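Each chain, written out:
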Amino acid sequence: MTTTPHSEDATATHTARTGVWFIGARGSVATTAVAGCAALSAGLHAPDGMVTETPPFAGSGLAPLSSLVFGGHDTASCPLPKRAEELEAGGVLPHGLSSAVRSELAAAEREIRTGGPLPGDTRADEELIDAFAAHLLDFTRRQRLDRVVVVNVASTEPAPADPHSLPPSSLYAAAALRVGCPYVNFTPSTGLRAAALQDAVAASGLPHAGRDGKTGQTLLRSVLAPMFVQRALSVRAWSGTNLLGGGDGAALADPAAAAAKNAGKNRVLTDTLGALPEGDVHIDDVPALGDWKTAWDHIAFDGFLGSRMTLQTTWQGCDSALAAPLVLDLARLLARAHEVGISGPLPELGFYFKDPDGGPAALAEQYEALLGFGSRLREAR
């Protein structure tokens, strides 16, 4: 976004500050990101999982973690400090962290606004977009922010039955365009890819990135699929099962939402293998697992002289802890891209997504593209 005028009582001295506006701001991923950023800024923990904190990104001009200011939209009511306590009790956040960063969580909580549409909401799309945009502008002006990156980490929504309609994720994305905010869609939801937004996206000149963060099963697929191609091994079938609880488990119990999720999971196989093998991905809601998930894959392939073989993998992890550092990476990368005048979709950030904006499908090649993007940002200084 263009720099927003500061309030009249602002002092002459201004330290650059970057806003991160979460859609789904009281969810597990956003809460973990806010608490984690505060913990890293205070030196309480090492930045494990944050690629932008590794040596190749030194000198790229990324916003310091301590300069990030958080806010967002949500329709849930549980305040961030309480949500952090729940995540700590579930083993997602380390013991004592919710107390150690309570003031930072409370500050972010004060910047969360009610999203929508809520049940019974009679506002038209334009009214909702106007309201969301006004929240973004108010946040920018009061916090004296140089720019704000909007990051969608809300629960997965089904693909709209009418491709020309604007589902909730696209209403928030439209507000980001209207105010001039770079945008990241870390969910499988429609977001900026709504047909009705394409002219506005092209005219905005804003950097934006991907759809559906790649944190577990698909991350592993993007490593394994190229191996079969490079070794000339024919994949006959690739099946998978996901067991997960929490908000994602509940949301993905809806078959339409699960279908939106699986489209991204299958893309890496189609792009890498040239066709989608037989087999489905099943997603089962297991509430007792909370924010932890298990992903199992069964791969059937042919070797020399038609010898039939299989590979089975099991991935167990905490989705929020896997996603939060990636979300912080993306917010910093998009903010820097906006600062130096990079616009449009960023295929160089495909490393982070199941459904990227073009570019290679294999993780190793995506990583090289990401390193090249870091160099580009560094040279723009």
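This write-up is about the structure you can find in this document.

How each quantity is defined
Residues numbered from 1 in each chain as written. Predicted model: local features only at pLDDT ≥ 70, side-chain atom pairs only at ≥ 80, totals over all residues. Heavy atoms only, no water. Disulfide = S-S within 2.5 Å. Buried < 20%, exposed > 50% of the residue type's maximum accessible area, 1.4 Å probe, protein only. Helix = DSSP H or I, 4+ residues; strand = E, 2+ residues; numbered from the N terminus. Expected span 1.5 Å × (residues − 1). Arc of directions from axis to C-beta. Contact = heavy atoms within 4.5 Å. Pairing = 2+ DSSP bridges. Axes fitted to C-alpha atoms, helices over the stretch in contact; angles between N-to-C directions. Left-handed = near helix turned anticlockwise from the far one by under 90°. Nonpolar A, V, L, I, M, F, W, Y, C, P; charged D, E, K, R; others polar. Core = buried A, V, L, I, M, F, W, Y, C linked by side-chain atoms within 4.5 Å.

### As for the state of the cysteines
- Across all of its chains, the model carries zero disulfides by this definition.
- Lacking any disulfide linkage, cysteine 78 is separated from the closest cysteine sulfur, that of cysteine 318, by 16 Å.
- Given the relative accessible area of 24%, cysteine 78 is considered partly exposed.
- No disulfide involves cysteine 181; its sulfur sits 18 Å from that of cysteine 37, the nearest cysteine.

### What about helix α12 (residues 363–379)?
- Compared with the 24 Å implied by 1.5 Å per residue over 17 residues, the 24 Å span of α12 between its first and last C-alpha is a close match.
- Within the sequence span of α12, burial applies to Leu363, Gln366, Leu370, Phe373, Gly374 and Leu377. In an axial view of α12, the angular spread of the buried residues amounts to 100 degrees, which keeps them on one side of the axis. In α12, those exposed residues whose orientation departs by more than 90 degrees from the buried face are Ala364, Glu368 and Glu379.
- The secondary structure elements touched by the buried residues of α12 are α8 (217–230) and α11 (319–339).

### Quick look at the sheet that holds strand β7 (residues 234–244)
- What the four strands build is an open sheet, ordered β8-β7-β9-β10; its pairing is mixed. Each having just a single partner strand, β8 (281–285) and β10 (308–318) make up the two edges of the open sheet. If you compare each strand with its neighbour and ignore which way they point, the axes differ by 10 degrees on average.
- The pairing of β7 with β8 spans five bridges and is parallel. Each residue of the ladder has a partner; that of leucine 243, found in β8, is aspartate 284.

### Overview of the sheet that holds strand β4 (residues 147–152)
- Sheet architecture is open: seven strands sit in the order β3-β2-β1-β4-β5-β6-β11, paired in parallel fashion. Single-partner strands in this sheet number two, and they are β3 (112–114) and β11 (344–345).
- Relative to strand β5 (residues 183–185), β4 runs parallel, the two being bridged by three bridges. Residue pairing in the sheet places valine 151 in a bridge with valine 184 of β5.

### Some details on the packing of helix α1 (residues 28–41) against α11
- Two numbers describe how α1 lies on α11: the axes approach to 8 Å, and their chain directions differ by 65 degrees. Crossing angle aside, the handedness with which α1 passes α11 is right-handed. Every residue of α11 that contacts α1 at Ser28, Val29, Thr32, Ala33 and Cys37 is listed here: Ser320, Ala321, Ala323, Ala324, Val327 and Leu328.
- Its residues assigned to classes, the contact of α1 with α11 shows eight nonpolar, three polar and no charged.

### Quick word on the nonpolar core
- Judged by nonpolar contacts, the single largest core of 58 residues is most densely connected at Phe22, Phe70, Leu333, Leu349 and Tyr352.
- Counting residues per element, the ones that place at least two in this core are β1 (18–23), α1, β2 (68–74), α2 (80–89), α4 (102–109), β4, α11 and α12.
- With eleven residues, α11 is the single largest residue contributor to this core.
- Setting aside anything within four residues of it in sequence, one finds leucine 349 in contact with Ala209, Leu330, Leu333, Leu334, Leu370 and Phe373.
- Ranked by size, the runner-up nonpolar core spans 28 residues in total, among them Ile23, Ile129, Ala175 and Tyr183.

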